[in-house]
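Observations on chain architecture
The lines below spell out each chain.
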Amino acid sequence: MTSLKEIADLLKELKSATIFCHMRPDGDTLGAAMGLKYLLEGCGARCKVVCESPVPSKFFFLEGMDKIDDKPDKDSQAYICVDCSETHRLGTLCEAFERADKPKFNIDHHISNTRFGDYWFVEDRAATCEIMTELSAFITDKPDKRTADCFLLGLSTDTGNFAHKNVVESTFLAAAKLVSCGADLNAIEYNMYKKQPPERALLFGRTMSSIRYYEEGRIAFIYVTREQLRAANATPDMTEGFIDFPLSVDGVEVAICLLETADERFKISLRSKGDTDVNAVARVYGGGGHIQASGCMISGCLEEVIDKLRYTVKQHLKD
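Residues numbered from 1 in each chain as written. Predicted model: local features only at pLDDT ≥ 70, side-chain atom pairs only at ≥ 80, totals over all residues. Heavy atoms only, no water.

Looking at the sheet that holds strand E6 (residues 212–214)
- Strand order in the open sheet formed by six strands is E6-E7-E8-E9-E11-E10, and the pairing between neighbours is mixed. Both outer strands of the open sheet, E6 and strand E10 (288–289), are each paired with one neighbouring strand and no more.
- Seen against the sheet, helix H12 (residues 302–316) touches E6, strand E7 (219–224), strand E8 (254–262), strand E9 (265–272) and strand E11 (293–299) and runs at an angle of roughly 155° to E7. (Pairing = 2+ DSSP bridges. Helix = DSSP H or I, 4+ residues; strand = E, 2+ residues; numbered from the N terminus. Contact = heavy atoms within 4.5 Å. Axes fitted to C-alpha atoms, helices over the stretch in contact; angles between N-to-C directions.)

Structure, rendered in structure tokens:
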């Protein structure tokens, strides 16, 4: 593993870079990428942030989020991947990243990270943006407000607004530093947790009315099909955060959300609030993440996928 200082020293020498986000981007990968872009531009580098998926409009309240492209700059001096456990999570940009004959960086917080790239720093933290905040100290004395807002976005969204078990002292210290640099926690909280379109509210109500419980209420399933999305006139990104509701139900130890992304193809999100290692569950299906928050993709009809996951999670429940 390359130290953060060594990575910072290498990054400061770059004249140009393309920064990659993972597909179906969340606040942590977007915040880490855009914040790093601003840091490197402050050092005189020309930077571009790319993602194969469209960026959800809810992130557009932060400067530059609506300018993220889907084509890497082939002339960039280096490629940098943030908050991505393995290269296939880049989606259609995976091949461009892997085949590029240039230095490749990998900065991430997932324990399932495959340690790809020429230079990598992987550490189990609350968010990749916590790592990026530490990295920034080796690049500048004080990040500007734009950078601080981006990093605080990642810290907030990957911790459930600082409510998840992954939050530790270093998480709060990073947040405090970012606030001291001008980051607006109130704006982030409002746009991420208190503001939603009517379509999302409708979809949320319909989804939660059909929660399924198994193993005497220890496992809870919710699911969103493409037909349900169409009926509510909603988009897939509106389901972010849905999984927190079934996990909040008393007695539930593991919550699973199935989001249909194509015919008989489901994006699986798993969350645990007990001792169950959902990273181990996700790895059975080629996914991964963290002990209490992981994901994977599974093909099959809805009932078949639920049965598979129910069996696998049951094998990992603690007595």
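Details of the packing of helix H2 (residues 27–42) against helix H4 (residues 128–136)
- One can describe the packing of H2 onto H4 by two numbers: an axis separation of 9 Å at closest approach and a directional angle of 15°. With respect to each other, H2 and H4 are oriented roughly parallel. As H2 runs across H4, the sense of the crossing is left-handed. Here Asp28, Gly31, Ala32, Leu36 and Leu39 of H2 come into contact with H4, specifically with Thr128, Cys129, Met132, Leu135 and Ser136.
- When grouped by side-chain class, the residues that make up the contact of H2 with H4 number six nonpolar, three polar and one charged. (Parallel < 35°, antiparallel > 145°, perpendicular 65-115°, else oblique. Left-handed = near helix turned anticlockwise from the far one by under 90°. Nonpolar A, V, L, I, M, F, W, Y, C, P; charged D, E, K, R; others polar.)

Here we look at helix H5 (residues 145–157)
- With 13 residues, H5 should cover 18 Å at 1.5 Å per step; its first-to-last C-alpha distance of 18 Å lies within 8% of that length.
- Among the 13 residues in H5, 11 count as buried, and that is most of the element.
- Residues of H5 that are buried include every one of Thr147, Ala148, Asp149, Cys150, Phe151, Leu152, Leu153, Gly154, Leu155, Ser156 and Thr157, and no others.
- Of the surrounding elements, those touching the buried residues of H5 are H2, H4, helix H6 (169–180) and helix H7 (185–194). (Expected span 1.5 Å × (residues − 1). Buried < 20%, exposed > 50% of the residue type's maximum accessible area, 1.4 Å probe, protein only.)

Describing the environment of Pro198
- As for its position among the elements, Pro198 is in helix H8 (residues 198–208).
- Residue classification places Pro198 among the exposed positions, given a relative accessible area of 64%.
- Separated by 149 residues in sequence, Pro198 and Val49 place their C-alpha atoms 30 Å apart.

Considerations on the side chain of Ser112
- Mapped onto the fold, Ser112 is located in the loop between strand E4 (104–108) and strand E5 (119–122).
- Among the polar contacts made by the side chain of Ser112, one reaches the main-chain amide nitrogen of Gly289 at a distance of 2.9 Å.
- Residues contacting Ser112, with those up to four places away along its chain left out, are Ser85, Asn279, Arg283, Gly288 and Gly289. (Polar contact = N/O pair within 3.5 Å; in protein donor to acceptor, adjacent residues only side chain to side chain.)

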